[in-house]
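# An overview of the molecular structure
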Amino acid sequence: GYLANIDANLYGPGTGPSQIVHNLVEQISGGVMWNQSFKKISEVMKPVNTSNLLVLEVGPGRVLQGLAKKIDPNLPFISLDQEGSWVEVERWLKD
């Protein structure tokens, strides 16, 4: 599953392709609910084992990581902004 930052809602593993495409188009062409999305992640994950949670920032820079850390400094976050970033993800997955 995933959390769509167009509406800060969780979408389960059974979410259909048409809904995913719709959400991605809305994300690209409209505004996003960044603060609400990360507050939702924090809220949902508090009672759960957070060792299974990893937030990935895909794209250049680390702006989103900085914003997320202000909302919840405990979220595990990896930015995929440099060559070799996947090594850090692989390391995280092995732990």
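Read on for an overview of the structure. From a predicted model like this one, the values you see are computed outputs, not experimental measurements.

## Some remarks on the environment of Val63
With respect to the helices, strands and loops of the structure, Val63 is situated in helix 3 (residues 63–71). By relative accessible area, Val63 is classed as exposed at 61%.

## As for the pairing of strand 3 (residues 55–58)
Residues in a regular strand point their side chains to alternate faces of the sheet. Here strand 3 shows a buried face lined by Val55 and Glu57 and an unburied face lined by Leu56 and Val58. Note that strand 3 and strand 4 (residues 77–80) share 4 bridges and pair parallel. Directly across from Val58, in strand 4, lies its bridge partner Leu80. What joins strand 3 to strand 4 is helix 3, and the crossover it makes is right-handed.

## Topic: a nonpolar patch on the surface
A contiguous nonpolar patch, built from Leu56, Val58 and Trp86 and spanning about 340 Å² of accessible area, is present on the exposed surface. Inspection of the secondary structure puts Trp86 in helix 4 (residues 85–94).

## Some points on the packing of helix 2 (residues 34–45) against helix 3
To characterise two packed helices, one gives the angle between the axes of the helices and the distance between these axes. Relative to each other, helix 2 and helix 3 sit at 55 degrees, their axes nearing to 10 Å. Comparing the axis directions of helix 2 and helix 3 gives the class oblique. The handedness of the crossing between helix 2 and helix 3 comes out as right-handed. Listed contacts from helix 3 to Trp34, Asn35, Phe38 and Lys39 of helix 2 are Leu64, Leu67, Ala68 and Ile71. A per-class count over the contact of helix 2 with helix 3 returns 6 nonpolar, 1 polar and 1 charged.

Rules used in this analysis
- Residues numbered from 1 in each chain as written.
- Predicted model: local features only at pLDDT ≥ 70, side-chain atom pairs only at ≥ 80, totals over all residues.
- Heavy atoms only, no water.
- Helix = DSSP H or I, 4+ residues; strand = E, 2+ residues; numbered from the N terminus.
- Buried < 20%, exposed > 50% of the residue type's maximum accessible area, 1.4 Å probe, protein only.
- Pairing = 2+ DSSP bridges.
- Right-handed = clockwise from strand over helix to strand, strands pointing away.
- Patch = residues over 30% accessible without salt bridge, like charges linked within 9 Å, V, L, I, M, F, W, Y side chains within 5 Å.
- Areas by Shrake-Rupley, 256 points an atom, 1.4 Å probe, with all protein chains shown as cover.
- Salt bridge = Lys/Arg side-chain N within 4 Å of Asp/Glu carboxyl O.
- Axes fitted to C-alpha atoms, helices over the stretch in contact; angles between N-to-C directions.
- Parallel < 35°, antiparallel > 145°, perpendicular 65-115°, else oblique.
- Left-handed = near helix turned anticlockwise from the far one by under 90°.
- Contact = heavy atoms within 4.5 Å.
- Nonpolar A, V, L, I, M, F, W, Y, C, P; charged D, E, K, R; others polar.

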